[in-house]
Amino acid sequence: MIPQTFEQWKTCLVNDCKVSLTKEFATRRLAVYHDLDKPETKKFIRLYGFQHYQNIIGWFTKIVEGSI
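None of these values were measured; they are calculated from a predicted model.

Definitions and cut-offs
- Residues numbered from 1 in each chain as written.
- Predicted model: local features only at pLDDT ≥ 70, side-chain atom pairs only at ≥ 80, totals over all residues.
- Heavy atoms only, no water.
- Core = buried A, V, L, I, M, F, W, Y, C linked by side-chain atoms within 4.5 Å.
- Buried < 20%, exposed > 50% of the residue type's maximum accessible area, 1.4 Å probe, protein only.
- Helix = DSSP H or I, 4+ residues; strand = E, 2+ residues; numbered from the N terminus.
- Contact = heavy atoms within 4.5 Å.
- Salt bridge = Lys/Arg side-chain N within 4 Å of Asp/Glu carboxyl O.

## Notes on the nonpolar core
W9, Y33, I56, F60 and I63 are the most contacted members of the largest nonpolar core, which has 15 residues in total. Those elements that provide at least two residues to this core are α1 (6-16), α2 (23-33) and α4 (50-65). Of all the elements, α4 adds the most residues to this core, at six residues. Not counting chain neighbours up to four residues away, the residues in contact with I63 comprise F6, W9, L21, T22, K23 and A26.

Structural data, given as structure tokens:
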């Protein structure tokens, strides 16, 4: 299942994957995902779709900005 909301995504990462959604983590992920030429980014989009890619960019950005 691909999470459709921030809360679903957060639950998946924090509870299931044991990832801490810190500002530092979000900043590192954005550095990768903002580069559409990176193999990791291409693979993410291929596996999860461009809509989910756009969602996580927005969610990571909000974490960095402190608005979530």
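## Things to note about the pattern of salt bridges
Inspection of the entire model under this criterion finds one salt bridge. Between E40 and R29 there is a salt bridge, with its nearest N and O atoms 2.2 Å apart. Of this pair, E40 sits in helix α3 (residues 39-48) while R29 sits in helix α2, and the two are 11 residues apart along the sequence. Taking relative accessible area as the criterion, R29 reaches 17% and is therefore assigned buried.

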